[in-house]
Amino acid sequence: MLKAAIAVFSTEGVVGATTRAIARAAGVNEVTLFRHFQSKEQLLGAVAEHIAERRAQTLADSTEWTQDLHRDLLRYAQIYDAMLEDYEALIRMFIGEAQRHPDESFQVLQQYFLPVREQLIVYLRQCIAQALIREDLDLPLAVDQFTGMLLAGMLRRHVIPVEREYSRDRYVESCVDLFIRSITPTAHFPQQTAPGPSV
């Protein structure tokens, strides 16, 4: 039923999607649907929770966090980018309806992104304790900027399908490189020598 709900919400939006259409797409009758979910809003919340749990579980294995900053953040970015790609129609629908239905959109997007956001904040907090990144870092802000770059990349691929000079993988890798440079103590990078005067 959740797969059918994702498909219907993605194409019809929050208001346009009906429990009848979702039940039809799932191959069940509305009575069966209401036995599991008391309302369309509850079903919408279940969709977001289902998606978030799948990605959170992928990132939850502590043995996969190696404390190698580049490796860990690249893995996170690749998983996050895959999540965005898998559900791009649903995400674009919520972004598009955010002004008309702010409460529903905010609730769903919050359920959708918060679990994986919190995992990265916890990881970066551990990196601060190990002096791998700057201790003055505003973690929620930094994480939102990082994931915002990934979201922008996904939207650009689908909204403006223009041939670009770089691949999707290269874009993700570049986001990671840029993010690491912004959160790592400057001592970790060679000082740039200013060019001398022209002769």
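In this text, all values refer to a predicted model and were calculated from it rather than measured experimentally. (Residues numbered from 1 in each chain as written. Predicted model: local features only at pLDDT ≥ 70, side-chain atom pairs only at ≥ 80, totals over all residues. Heavy atoms only, no water.)

Focus: the overall build of the protein chain
Scanning the protein chain for helices and strands turns up nine helices and zero strands. In the protein chain, the succession of α and β elements from N to C terminus is α-α-α-α-α-α-α-α-α. Among the 199 residues that make up the protein chain, the fraction classed as buried is 38%. Partitioning the contacts of the protein chain with sequence separation of at least 6, the portion at a separation of at least 24 is 69%. On the protein chain, roughly 11600 Å² of surface is accessible, and the fraction owed to carbon and sulfur atoms is 53%. (Helix = DSSP H or I, 4+ residues; strand = E, 2+ residues; numbered from the N terminus. Buried < 20%, exposed > 50% of the residue type's maximum accessible area, 1.4 Å probe, protein only. Contact = heavy atoms within 4.5 Å. Areas by Shrake-Rupley, 256 points an atom, 1.4 Å probe, with all protein chains shown as cover.)

Observations concerning helix α8 (residues 139-159)
In an α-helix, one full turn covers 3.6 residues, which means residues spaced three or four apart are oriented alike. Spanning 21 residues, α8 covers 29 Å between terminal C-alpha atoms, matching the ideal 30 Å at 1.5 Å per step. Within α8, the full set of buried residues consists of Leu139, Ala142, Val143, Phe146, Thr147, Leu150, Gly153 and Met154. One face of α8 carries all of its buried residues, which in axial projection span an arc of 120°. (Expected span 1.5 Å × (residues − 1). Arc of directions from axis to C-beta.)

A word on the environment of valine 143
Assignment of secondary structure puts valine 143 in helix α8. Residue class for valine 143 comes out buried when judged on its relative accessible area of 0%. The sequence separation of valine 143 and arginine 117 amounts to 26 residues, and the corresponding C-alpha distance is 7.0 Å. Beyond its immediate chain neighbours, meaning those up to four positions away, valine 143 contacts Arg117, Leu120, Ile121 and Leu124.

A closer look at the pattern of salt bridges
Enumeration over the complete set of coordinates arrives at seven salt bridges. Residue arginine 20 is joined to glutamate 30 by a salt bridge in which the shortest nitrogen-to-oxygen separation is 3.7 Å. A residue pair is termed long-range when its members are at least 10 positions apart, and arginine 20 in helix α2 (residues 19-26) and glutamate 30 in helix α3 (residues 30-36) qualify at ten residues. A relative accessible area of 55% means that arginine 20 is categorised as exposed. Note that glutamate 173 and arginine 170 form a salt bridge whose closest N and O atoms lie 3.7 Å from each other. (Salt bridge = Lys/Arg side-chain N within 4 Å of Asp/Glu carboxyl O.)

Points about unusual backbone geometry
Not every positive phi belongs to a glycine, and glutamine 67 is a case in point at roughly 70°. For glutamine 67, a relative accessible area of 26% puts it in the partly exposed group.

Concerning the nonpolar core
Counting residues in hydrophobic clusters, the biggest one holds 50 residues, and the most contacted among them are Phe9, Leu73, Leu90, Leu124 and Phe146. Elements supplying a minimum of two residues to this core: α1 (2-16), α2, α4 (40-60), α5 (69-86), α6 (88-97), α7 (102-129), α8 and α9 (168-183). (Core = buried A, V, L, I, M, F, W, Y, C linked by side-chain atoms within 4.5 Å.)

Observations concerning the confidence of the model for the protein chain
Predicted coordinates in areas of low pLDDT are best not read in detail. Per-residue confidence for the protein chain gives a mean pLDDT of 80; residues scoring 70 or more make up 79%. Highest mean pLDDT in the protein chain belongs to α9 (96); lowest belongs to α4 (72). Note on residues 187-199: pLDDT is under 50 here. Beyond four places in sequence and across chains, it has five contacts. (pLDDT = per-residue confidence, 0-100.)

So, the packing of α1 against α2
Following both chains from N to C, one finds α1 and α2 inclined at 130°, their axes separated by 8 Å at the closest point. Our classification of the angle between α1 and α2 gives oblique. Judged by the twist between their axes, the crossing of α1 over α2 is right-handed. Touching Ala4, Ala5, Val8 and Phe9 of α1 are Ala21, Ile22, Ala25 and Ala26, all from α2. Partitioning the contact of α1 with α2 into residue classes produces eight nonpolar, no polar and no charged. (Axes fitted to C-alpha atoms, helices over the stretch in contact; angles between N-to-C directions. Parallel < 35°, antiparallel > 145°, perpendicular 65-115°, else oblique. Left-handed = near helix turned anticlockwise from the far one by under 90°. Nonpolar A, V, L, I, M, F, W, Y, C, P; charged D, E, K, R; others polar.)

Brief notes about the packing of α5 against α8
Viewed as axis vectors pointing N to C, α5 and α8 meet at an angle of 40°, and their least axial separation amounts to 10 Å. Judged on the interaxial angle alone, α8 and α5 are oblique. In the crossing of α5 with α8, the sense of the turn from one axis to the other is right-handed. On α8, the residues that touch Leu73, Tyr76, Ala77, Tyr80, Asp81, Leu84 and Glu85 of α5 are Phe146, Thr147, Leu150, Leu151, Met154, Arg157 and His158. Of the residues assigned to the contact of α5 with α8, the class counts are nine nonpolar, two polar and three charged.

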